[in-house]
Amino acid sequence: MTIPPGLLPEGFRDRLPPEAEAIARLVRRVLDTAASHGYERVSPPLAEFEAGLVGRLKSTRAQDLLRFVDPVSQRTMAVRPDITAQVGRIAATRMAHHPRPVRLAYGGSVLKLKATQLRPEREMMQVGAELIGLDSVAAAREIVSVAIEALGQAGVSGITLDFTLPNLVETLAQGSLATEPARISEIRALLDAKDAGGLAAAKAEAFLPLVEAAGPFDAAVARLRGFADGALVSRLDALEAIAAPLDAAVALTLDPTERHGFEYQSWFGFSLFAEGVSGEIGRGGSYTIVHEDGREEPAIGFSIYCDPLVDAGLAPHERQRLFVPVGTDPALAARMRAEGWVTVAALTDDDTPAAQICSHVLKDGAPVPA
Ligand SMILES: N[C@@H](Cc1c[nH]c[nH+]1)C(=O)O
């Protein structure tokens, strides 16, 4: 079968102007915000040995990776589906002796093996920050506030933050809601489906309050406090402490059993949404990095997905384009650029502002609308 020219595999695409620039700018703004809080950039490779991507964080599975045999090393390599695991590898190896906590930031493409209905694209631009060495309330507060500040700097408004407690069900099942290990996955599936009837039929009514509580943060916390389990109470206290300093403009919700996309997160997780954008724009939480000697280290971080934001028309290009006719003094064009204009030089006499998508033309030394 011949592949038509220009056809890309399903889930892949070219970004054209102005979207390619909008993505780059979004990445830049998030990284600049993270840098201003002390997060230094690392740049791991696009692909690496499969073993490096699966072992480091709990529950990344080899079958979820796009794998191939490297003709050079003859070993199985995989394209990264998430940069967090690579940052974990760096922190556990080359930066293992760096004083803790280590603050690192990253931005780059990731590749998912399969698209989802909500996200048909398989390649995505991920940008984020990780704090390694701590997963305390103070660390969570910092990570959540840097994520929200970064989105604000990138021009994203109408943010909703949905808290979750990724390993709560396991904790309760080993504690006050003692459950046989064999039944935990059945109960998890019923909780995922928010199947109250199913939980009752499975004689797991004790977990029902977790389904019923999901919703706006304050009301959800109040409901769950009635559930009064020691482990849950301490997590609710932690969530309240994380939520307290947040800008009132950020809408807060809590879905205590949401775990979709939180395969490796531990006690704390959150998803980010923005008005007018379908699906999540970011996600984060606490997790554990496994070192070479088996030692486990706590960490916490966030990732923002730039594609849905740009697809929704956010982060538009605000600089205006100025058409510079043939024969213009280069020093004048340079002055315009210094003033913030994008200058587009005509290289032939028949070029036009319309052909160069210019909003203005340089005429008699000054910009005038085209
Ligand atoms: N990398 C995770 C989010 C995350 C960052 N740090 C911790 N969790 C994701 O994209 O789902």
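Residues numbered from 1 in each chain as written. Predicted model: local features only at pLDDT ≥ 70, side-chain atom pairs only at ≥ 80, totals over all residues. Heavy atoms only, no water.

(A) Examining the overall build of the chain more closely. A tally of helices and strands in the chain yields twelve helices and 16 strands. Each principal axis of the C-alpha atoms in the chain carries an extent, and together these give about 80 × 55 × 50 Å. The buried share of the chain, reckoned over its 370 residues, is 46%. A separation threshold of at least 6 residues defines the contact pool for the chain, and within that pool the share at least 24 residues apart is 66%. (Helix = DSSP H or I, 4+ residues; strand = E, 2+ residues; numbered from the N terminus. Buried < 20%, exposed > 50% of the residue type's maximum accessible area, 1.4 Å probe, protein only. Contact = heavy atoms within 4.5 Å.)

(B) Main features of the packing of aromatic side chains. All told, the structure shown has five aromatic pairs when counted by the stated rule. Judged by centre distance (5.2 Å) and plane angle (50 degrees), the rings of Phe163 and Phe217 are tilted. Residue Phe163 is located in strand S7 (residues 159-164), and its partner Phe217 is located in helix H9 (residues 217-225); the two are separated by 54 residues in the primary sequence. Centroid distance Phe163 to Phe268: 5.9 Å. Interplanar angle 40 degrees. Geometry classified as tilted. (Phe/Tyr/Trp six-rings, centres within 6.5 Å; stacked < 30°, edge-to-face > 60°.)

(C) Molecular detail of the sheet that holds strand S14 (residues 342-345). Taken together, four strands build an open sheet; the order of strands is S14-S13-S15-S16 and the sheet is mixed. This sheet does not close on itself; its edge strands, each paired only once, are S14 and strand S16 (366-369). Taking each pair of neighbouring strands and ignoring which way they run, the sheet shows an average axis angle of 35 degrees. Bridge analysis of strand S13 (residues 321-324) against strand S15 (residues 360-363) gives two bridges, and the strand direction is parallel. Residue pairing for S15: Phe323 is matched across the bridge by Val361. The sheet strands contacting helix H12 (residues 330-338) are S13, S14, S15 and S16, and the helix crosses S14 at an angle near 150 degrees. (Pairing = 2+ DSSP bridges. Axes fitted to C-alpha atoms, helices over the stretch in contact; angles between N-to-C directions.)

(D) Examining helix H10 (residues 230-243) more closely. Across its 14 residues, H10 extends 20 Å between first and last C-alpha, which sits within 8% of the 20 Å expected from 1.5 Å per residue. Of the positions making up H10, those classed as buried are Leu232, Arg235, Leu236, Ala238, Leu239, Ile242 and Ala243. For H10, the buried positions fall inside an angular range of 160 degrees around the axis, keeping them on one side. (Expected span 1.5 Å × (residues − 1). Arc of directions from axis to C-beta.)

(E) Spatial organisation of the pairing of S15. Pairing of S15 with S16 involves four bridges; the strand directions are antiparallel. Residue pairing for S16: Val361 is matched across the bridge by Val368. Here S15 folds back onto S16 in antiparallel fashion, the turn holding two residues, of which Asp364 has a positive phi close to 50 degrees.

(F) Focus on the sheet that holds strand S1 (residues 40-41). The nine strands are arranged S1-S5-S6-S12-S11-S10-S7-S9-S8 in an open sheet whose pairing can be described as mixed. Where the open sheet ends on each side, the last strands, each with one partner, are S1 and strand S8 (215-216).

(G) Just the site of the ligand, in detail. The environment of the ligand is formed by 14 residues, the closest being Asp82, Thr84, Arg283, Ser303 and Tyr305. Asp82 places a side-chain nitrogen or oxygen 2.8 Å from a nitrogen atom of the ligand. In the environment of the ligand, an oxygen atom lies 2.9 Å from a nitrogen or oxygen atom belonging to the side chain of Arg283. Out of a free accessible area of 310 Å², the ligand has 97% covered by protein chains. Of all the secondary structure elements, the ones that give two or more residues to the shell around the ligand are strand S6 (123-132), strand S11 (282-290) and strand S12 (296-305). Partitioning the shell around the ligand into residue classes produces four nonpolar, seven polar and three charged. (Near = heavy atom within 4 Å. Polar contact = N/O pair within 3.5 Å; in protein donor to acceptor, adjacent residues only side chain to side chain. Areas by Shrake-Rupley, 256 points an atom, 1.4 Å probe, with all protein chains shown as cover. Nonpolar A, V, L, I, M, F, W, Y, C, P; charged D, E, K, R; others polar.)

(H) Layout of the environment of Arg25. Its location among the elements puts Arg25 in helix H1 (residues 19-36). By relative accessible area, Arg25 is classed as buried at 12%. A C-alpha to C-alpha distance of 25 Å links Arg25 and Leu8, two positions 17 residues apart in sequence.

(I) How the structure looks around the UniProt feature "binding site: L-histidine" (unreviewed entry) in the chain. The UniProt record marks Asp82, Ile83, Thr84, Gln126 and Glu130 with the feature "binding site: L-histidine" (unreviewed entry), using the residue numbering of this structure. In summary, the annotated positions, though distributed over 49 residues, converge in three dimensions, the widest C-alpha pair being only 12.7 Å. Counting through the fold element by element, Ile83 comes out in the loop between strand S4 (76-79) and helix H3 (84-92). Ile83 sits in the buried class, given a relative accessible area of 0%. (UniProt positions renumbered as here; feature names shortened; annotations may be inferred.)

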